[in-house]
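Residue-level structure breakdown
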Amino acid sequence: MKPGIITAEELARLVTEWARAGAVYAPVRVRDWTEFRRISSLGEADFSRINTKLPVRSLLFPQCETMFRFKTDEPGRVEEPPEPEPQVILGVRPCDAAGIALLDKFFSGQGETDTYYQRRREKTMLIGLACNSPADTCFCTAVLGSPSGTRGLDLLLTDLGGRYLAEGDIAEVCRRFGIGSPSLAEAGDADLARKKELADKAAATITQQIDTGKLKQLLDAADNHPVWEELSLPCVNCAACTFVCPTCHCFDITDETRKGSGARIRVWDTCQSCIYSQHASGHNPRATPASRFRNRTMDKFRYTVDMIGEVSCVGCGRCGVECPAGIDIRETVETLFAALGTKQTKDAVQKAEGKTGKQQ
Amino acid sequence: MSREDQLRKRARDLLAAREVVMVIGYRAGRRPGTTVPAFITRPEDTDKLIFNDRCGANLTAYLPRIPKTAKVAIVAKGCDSRSIVALLKEKQVERSKLVILGVGCEGIKVDGQLSDSCTTCGYPNPVIFDEMVGETRDMTETSDVSDRVPDPLADLESLSPDERWHSLMEDVARCIRCYACRQVCPNCYCPTCFVDTNNPQWVGKTTAGSDNMLFHLMRAMHMAGRCVECGTCHRACPMGIDLMKFNRKVARIVRDRFGTVAGIDPDEPPALAAFDPNDRQEFIK
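A short tour of the structure in this document, coming up.

The rules behind each value
- Residues numbered from 1 in each chain as written.
- Chains lettered and ligands numbered in written order.
- Predicted model: local features only at pLDDT ≥ 70, side-chain atom pairs only at ≥ 80, totals over all residues.
- Heavy atoms only, no water.
- Helix = DSSP H or I, 4+ residues; strand = E, 2+ residues; numbered from the N terminus.
- Rg over C-alpha atoms; globule rule 2.2 N^0.38 Å.
- Buried < 20%, exposed > 50% of the residue type's maximum accessible area, 1.4 Å probe, protein only.
- Contact = heavy atoms within 4.5 Å.
- Areas by Shrake-Rupley, 256 points an atom, 1.4 Å probe, with all protein chains shown as cover.
- 1 Å grid on protein atoms, 1.4 Å probe; cavity = no way out; pocket = protein on both sides within 12 Å on 5 of 7 lines; lining within 4 Å.
- Points joined across faces, edges and corners; volume = space filled by probe spheres on them.
- Nonpolar A, V, L, I, M, F, W, Y, C, P; charged D, E, K, R; others polar.
- Buried area = accessible area lost by both parts, 1.4 Å probe.
- Salt bridge = Lys/Arg side-chain N within 4 Å of Asp/Glu carboxyl O.
- Pairing = 2+ DSSP bridges.
- Axes fitted to C-alpha atoms, helices over the stretch in contact; angles between N-to-C directions.
- Core = buried A, V, L, I, M, F, W, Y, C linked by side-chain atoms within 4.5 Å.
- Parallel < 35°, antiparallel > 145°, perpendicular 65-115°, else oblique.
- Left-handed = near helix turned anticlockwise from the far one by under 90°.
- Phe/Tyr/Trp six-rings, centres within 6.5 Å; stacked < 30°, edge-to-face > 60°.
- Lys NZ or Arg CZ within 6 Å of the ring centre and 35° of its normal.

1. Observations regarding the overall build of chain B
- Assigned secondary structure in chain B consists of nine helices and eight strands.
- The C-alpha radius of gyration of chain B comes to 19 Å, within 12% of the 19 Å expected for a compact globule of 285 residues.
- With respect to the principal axes defined by its C-alpha atoms, chain B has extents near 60 × 45 × 45 Å.
- Here chain B, with 285 residues, has 50% of them falling under the buried criterion.
- When contacts within chain B are restricted to residue pairs at least 6 apart in sequence, those whose partners lie at least 24 apart make up 68%.
- Element-wise, carbon and sulfur atoms account for 52% of the exposed surface of chain B, whose accessible area totals about 13,500 Å².

See the structure below:
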């Protein structure tokens, strides 16, 4: 489908129509940041910020979710939550959308399908907004993304100033909501050239580079490297980085029962917490802060490459912004390259492995 | 010599003379204007040390994690030093294993603004230290700063109990239970926090208002007589919850009822861990 042009007025009209037929979410100003909130008109949305406080995944995989309700005197009978309603999420940044593409792989790509994620996902349309001015914390291009990437999106809008270039299938979004699709004017050569100019300019502002292939190789041999201890010292092991991450998807399941009825609830969990890996026996295979810090970094750049064939950092930079200790994953990666990429450190690895015994 | 140069020199000398095995201070973060706690063990790395008004992390929080076998040096602002006193009282650190490098603090800035906790700070200078690095802060000026601030609890205290409850519920509704507040707090050194106890489960794991409130109220209760109002939890909160409201209220109650202020006198018994037959107990009817 050829890119079309949608004016701000037309987009506003569509948002109002979609909001009548289902749920529309968009970044909304909350205190001094933005969060995805349900809106009924485009005027409520605020696209001035690059990243929302929490990533878009929280609308598909909420922090707390009731899986089913039960009564203790009715064994075997459960009451499932109602079907989710169709939702369109507007103003999704390309990194966040890439995060959803990764969650699709984690939750339904292979083996078991996570029904709770999947049933929301099937009813969700993601409308992206290209980043014309990435933040100084952004590094999507270093992890194979782009400020104008379309991965995971149903539609990508690029703000050309009062009008948007729309790439993707807007008719499908409208069909899902049971409303007529607009007939968009086809984008002219000047619009396409302007879009390319904006996209190139945005991508050029991100200077961070990460050789993710090389990093994977280095991490494959770095299980017991002393650099983890050094890197983890400032880390306080809170969950801020994992909870604001567009691709972190660990959860815990708990039953809450009161007076004969209860609910099975799942909540976000975090590998940074000591009890995350605590066994019932009391043994904890990741008992030290360094091992937990290592796990998160390894997960993003090594484990998921083995699992789903790609790194699971999308370069949004939220973890660095929210870290109470000021740890920036870009610096972590740079330190890893410096520490793991030299001969001297290979000796250190062997020494450390000799001391602790190679794990895994 | 600038304060930073003095700090670096002292750190270098201490490490070179093997008087300490580590200097805990601050270094510049990857992003301009940010700082990261630094754990310097080699004299040649001491040039990384910095001190400025962005050094808001309370470094004392790292002390219980450091093995107590060797002596370490720590850079301490007024509030950090009060936290050291609090930990000394609770036998979590050994004075003889610490070299406290005191710094007078001009107040911590967040996005160019004075951090809320610092607007009512009465202790910009360390209350306990081995040596001062740079100038001590002029206390008269500090008092002026405090005087200019309207009572930060006036709004909260003017509310009826019901209104107060709703107001606090509104605050904690934003909590995502990342526990950044707990993790950056020097007082939160319990090997297993009450929220992490799951057999039995004391606090629900959801972000429902009641679960969030239970966490914050219980944490506030555990801070009574111990919290030094450093504000590091407030600055750490990714959701911008006004944790100073809890901290200040609890500190005020402790001051009013027990006549003590946390983190000043290492020899004074902890307010809530000592029994005095003369304690007011009119609430027991």
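Continuing now.
2. A closer look at empty space enclosed by the protein
Residues and elements named next belong to chain A.
- Under the definition given, this model contains 11 cavities of 30 Å³ or more.
- The space that makes up the largest cavity amounts to roughly 270 Å³.
- Within the lining of the largest cavity, the residues separate by chemical class into 11 nonpolar, eight polar and six charged.
- What the second largest cavity holds in volume is close to 230 Å³.
- Along the walls of the second largest cavity sit 18 residues, with Cys241, Phe293, Arg296, Cys323 and Ile327 positioned nearest its centre.
- Of all the secondary structure elements, the ones that give two or more residues to the lining of the second largest cavity are α9 (240–243), α10 (289–308), α11 (318–322) and α12 (329–340).

3. Focus: the interface of chain A and chain B
- Taken together, the 37 residues of chain A in the interface contact 29 residues of chain B.
- When chain A packs against chain B, close to 2,800 Å² is buried across both sides, 58% of that on carbon and sulfur atoms.
- The three residues of chain A that bury the most area against chain B are Leu233, Val236 and Ile275 of chain A, which together make up 18% of that side's buried surface.
- Applying the counting criterion to the chain A and chain B interface returns three salt bridges.

4. Concerning the sheet that holds strand β3 (residues 33–39) of chain A
Residue and element names in this part refer to chain A.
- Spatial strand order, β3-β2-β6-β7-β8-β9-β1-β10: eight strands in an open sheet with mixed pairing. Looking at which strands have only one partner, the edges of the open sheet turn out to be β3 and β10 (185–186).
- Pairing analysis gives two bridges linking strand β1 (residues 4–7) to β10, with the strands arranged antiparallel. Bridge pairing links Ile5 to Ala185 in β10.
- Across the sheet, helix α1 (residues 8–21) lies against β1, β2 (23–30), β3, β6 (87–92), β7 (124–129), β8 (155–159) and β9 (163–168), angled at about 80° from β1, the strand it touches most.

5. Concerning the nonpolar core
- Within the largest apolar cluster, 133 residues are counted, with the highest numbers of intra-cluster contacts made by Trp228 and Phe301 of chain A together with Val23 of chain B.
- A total of eight residues in this core trace back to one element, the largest contributor, which is helix α3 (residues 94–109) of chain A.
- Once residues within four sequence positions are removed from consideration, Val23 of chain B is found in contact with Ala11, Leu15, Ala38, Phe39, Ile40, Leu49, Ala73 and Leu101 of chain B.

6. Some words on the packing of helix α7 (residues 209–223) of chain B against helix α9 (residues 243–258) of chain B
Residue and element names in this part refer to chain B.
- One way to put it is that α7 packs onto α9 with a least axis distance of 9 Å and a crossing angle of 40°. In this view, α7 runs oblique relative to α9, as classed from their interaxial angle. The interaxial crossing formed by α7 with α9 has right-handed handedness. Only Leu243, Phe246 and Val250 of α9 make contact with α7, whose side of the interface consists of His216, Leu217, Ala220 and Met223.
- Classifying every residue of the contact of α7 with α9 by side-chain character gives six nonpolar, one polar and no charged.

7. Some points on the packing of aromatic side chains
- If you walk through the whole model with that rule in mind, you get 10 aromatic pairs over all chains.
- Ring geometry for Phe107 of chain A and Tyr117 of chain A: centres 4.7 Å apart, planes at 40°, overall tilted. A residue pair is termed long-range when its members are at least 10 positions apart, and Phe107 of chain A in helix α3 and Tyr117 of chain A in helix α4 (residues 115–121) qualify at 10 residues. The pair formed by Phe107 of chain A and Tyr117 of chain A is uniform in burial state, with each residue classed as buried.
- Taken together, a centroid distance of 6.1 Å and an interplanar angle of 65° make the contact between Tyr26 of chain B and Phe51 of chain B edge-to-face. Of this pair, Tyr26 of chain B sits in strand β1 (residues 22–28) while Phe51 of chain B sits in the loop between β3 (49–50) and β4 (72–76), and the two are 25 residues apart along the sequence. Phe51 of chain B shares its class with Tyr26 of chain B; the two are buried.
- Pairwise contacts between aromatic rings join Phe61, Phe107, Tyr117, Phe243, Phe251 and Trp268 of chain A into one cluster.
- Geometry around Trp33 of chain A places Lys53 of chain A over its ring, the cationic atom sitting 4.2 Å from the centre.

8. Quick notes on the pattern of salt bridges
Residue and element names in this part refer to chain B.
- Counted according to the given criterion, the structure contains 53 salt bridges over all chains.
- A salt bridge links Asp13 to Lys9; its shortest N-O distance comes to 2.8 Å. With Asp13 and Lys9 both in helix α1 (residues 3–16), this residue pair falls four residues apart, about one helical turn.
- On the accessibility criterion, Lys9 (36% relative accessible area) is partly exposed.
- For Asp196, the salt bridge identified is with Arg182, shortest N-O distance 3.2 Å. Pair noted here: Asp196 is in the loop between α6 (180–183) and α7 and Arg182 is in helix α6, with a separation of 14 residues, a long-range link.

9. Some points on the pairing of β2 of chain A
All names here are of chain A.
- The buried fraction of β2 amounts to seven of the eight residues, a majority that puts the element mostly inside the structure.
- Where β2 lies against β6, three bridges are found, and the strand directions are parallel. Across the sheet, Val24 pairs through a bridge with Val88, a residue of β6.
- In terms of strand pairing, β2 meets β3 through seven bridges, oriented antiparallel. Following the sheet pairing, Arg29 is matched in β3 by Thr34.
- Between the antiparallel neighbours β2 and β3 lie two residues, among them Arg31 with a positive phi of about 50°.

So far we have only geometry, and geometry alone does not tell us how the molecule works.
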